[in-house]
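An overview of the molecular structure
One-letter residues, chain by chain:
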Amino acid sequence: AQSVTQLDSQVPVFEEAPVELRCNYSSSVSVYLFWYVQYPNQGLQLLLKYLSGSTLVKGINGFEAEFNKSQTSFHLRKPSVHISDTAEYFCALHAGGTSYGKLTFGQGTILTVHP
Amino acid sequence: DGGITQSPKYLFRKEGQNVTLSCEQNLNHDAMYWYRQDPGQGLRLIYYSQIVNDFQKGDIAEGYSVSREKKESFPLTVTSAQKNPTAFYLCASSRTPGRTGQETQYFGPGTRLLVL
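First, a word on what this report is: a plain description of the structure on this page.

The rules behind these values
Residues numbered from 1 in each chain as written. Chains lettered and ligands numbered in written order. Predicted model: local features only at pLDDT ≥ 70, side-chain atom pairs only at ≥ 80, totals over all residues. Heavy atoms only, no water. Disulfide = S-S within 2.5 Å. Helix = DSSP H or I, 4+ residues; strand = E, 2+ residues; numbered from the N terminus. Pairing = 2+ DSSP bridges. Axes fitted to C-alpha atoms, helices over the stretch in contact; angles between N-to-C directions. Contact = heavy atoms within 4.5 Å. Buried area = accessible area lost by both parts, 1.4 Å probe. Salt bridge = Lys/Arg side-chain N within 4 Å of Asp/Glu carboxyl O. Polar contact = N/O pair within 3.5 Å; in protein donor to acceptor, adjacent residues only side chain to side chain. Nonpolar A, V, L, I, M, F, W, Y, C, P; charged D, E, K, R; others polar. Buried < 20%, exposed > 50% of the residue type's maximum accessible area, 1.4 Å probe, protein only. Phe/Tyr/Trp six-rings, centres within 6.5 Å; stacked < 30°, edge-to-face > 60°.

Residue and element names in this part refer to chain A. The final tally for this structure, using the stated rule, is 2 disulfides over all chains. For Cys23, the disulfide goes to Cys91, at an S-S distance of 2.0 Å. The sign of the -70° torsion about the S-S bond sets the Cys23-Cys91 disulfide as left-handed. Taken as a pair, Cys23 in strand E4 (residues 23-26) and Cys91 in strand E10 (residues 87-95) lie far apart in primary sequence, 68 residues in all.

Below, the structure written as structure tokens:
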């Protein structure tokens, strides 16, 4: 079985400061990893995904994430946040060999950017 | 513009009542999914469909039913057997099903179900 753990349920940060949202995963098989963002009362939007190749993945809105296989982590980073980045962020994985596109989600991290 | 629509935005259910949540996509995607979101628990898969006239149970299918009679539509019925239905329900779709798992899932805006 696989699981995703987001280590912080809430992350407050000031505008223009850097931020890191932490995600660890557990899986006995190879994985694909995703970060989604959810604005209040809306659906989820893909920020970025790691499938293979370079372990540093760049996404939309200036976000990037680094896949670390030895530490089973996929932390999301942004060097300078804006008020508009306030949202909930979800890390998710797809386990290799699964016969359909099932995603396992973490519990979510609420990022609040203060002026 | 292509996308996923869900209706209604808010839905109220009375005790013992079945209610149906609508999900329509015009992305020409083969696969569709229903998730339930509860605060602090992330998203959990209820049902998924890889192709028309076929669907499979996800992790928390008890008390729910679905149909997939058309490629673009995947309605979810919350039955009276679902004892704790209050949640935010999200529909998603992806271009192809299958083993790759590489396909991005696109999400609708969600339906919030409340119990009276």
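Further remarks concern the sheet that holds strand E3 (residues 19-25) of chain B. Residues and elements named next belong to chain B. Strand order in the open sheet formed by 4 strands is E1-E3-E8-E7, with antiparallel pairing between adjacent strands. Edge positions in the sheet fall to strand E1 (4-7) and strand E7 (64-66), since each has one partner strand and no second. Across the sheet, the axes of successive neighbouring strands diverge by a mean angle of 20°, strand direction being ignored.

With 24 residues of chain A in contact, the opposing surface of chain B contributes 25 residues. The contact between chain A and chain B buries some 2,000 Å² in all, and 51% of this surface belongs to carbon and sulfur atoms. For the pair chain A and chain B, the interface holds 1 salt bridge. At the junction of chain A with chain B, the criterion picks out 5 residue pairs in polar contact (both at pLDDT 80 or more). At the level of secondary structure, the elements contributing two or more residues to the side of chain A that touches chain B comprise strand E5 (31-38), strand E6 (44-50) and E10 of chain A. Sort the elements by how many residues they give to the side of chain A that touches chain B and E5 of chain A lands first, with 4 residues. When grouped by side-chain class, the residues that make up the side of chain A that touches chain B number 10 nonpolar, 11 polar and 3 charged.

Right, let's get into the pattern of salt bridges. Considering all chains together, one arrives at 10 salt bridges over all chains under this definition. As a salt-bridge pair, Asp8 of chain A and Arg22 of chain A come within 3.0 Å of each other at their nearest N and O atoms. With Asp8 of chain A in the loop between strand E1 (3-6) and strand E2 (10-14) and Arg22 of chain A in the loop between strand E3 (19-21) and E4, this residue pair connects regions lying 14 residues apart in the sequence. Note that Asp38 of chain B and Arg36 of chain B form a salt bridge whose closest N and O atoms lie 2.8 Å from each other.

The next thing to look at is the environment of Val29 of chain A. Residue and element names in this part refer to chain A. When you line up the elements, Val29 lands in the loop between E4 and E5. Exposure remark for Val29: the relative accessible area of 38% places this residue in the partly exposed category. Counting along the chain gives 17 residues from Val29 to Leu46, while the straight-line C-alpha distance between them is 23 Å. Once you skip the residues sitting within four places of it in the chain, Val29 turns out to touch Ala95 and Gly96.

What follows covers the packing of aromatic side chains. All names here are of chain A. Taken as a whole and judged by the stated rule, the model has 13 aromatic pairs over all chains. Here Phe34 and Tyr36 contribute two aromatic rings whose centre-to-centre distance is 6.4 Å and whose plane-to-plane angle is 25°, an arrangement assigned as stacked. The residues Phe34 and Tyr36 share a single accessibility class, namely buried. Judged by centre distance (6.1 Å) and plane angle (50°), the rings of Tyr36 and Phe105 are tilted. Note that Tyr36 is positioned in strand E5 and Phe105 in strand E11 (residues 104-105), a separation of 69 residues in sequence. Assigned by exposure class, Tyr36 and Phe105 land together as buried.

Residues and elements named next belong to chain B. Judged by which residues are buried, E1 turns out to be one-sided: Ile4 and Gln6 face inward and are buried, whereas Thr5 and Ser7, on the alternate face, are not. Relative to E3, E1 is paired through 4 bridges, and the arrangement is antiparallel. Along E3, the bridge assignment pairs Ile4 with Gln25.

To continue, consider the side chain of Gln25 of chain B. Residue and element names in this part refer to chain B. With respect to the helices, strands and loops of the structure, Gln25 is situated in strand E3. Separated by 2.8 Å, the side chain of Gln25 and the backbone oxygen of His29 make a polar contact. Those residues in contact with Gln25 that sit more than four places away from it in its chain are Gly3, Ile4, Met32, Arg68, Lys71, Glu72 and Ser93.

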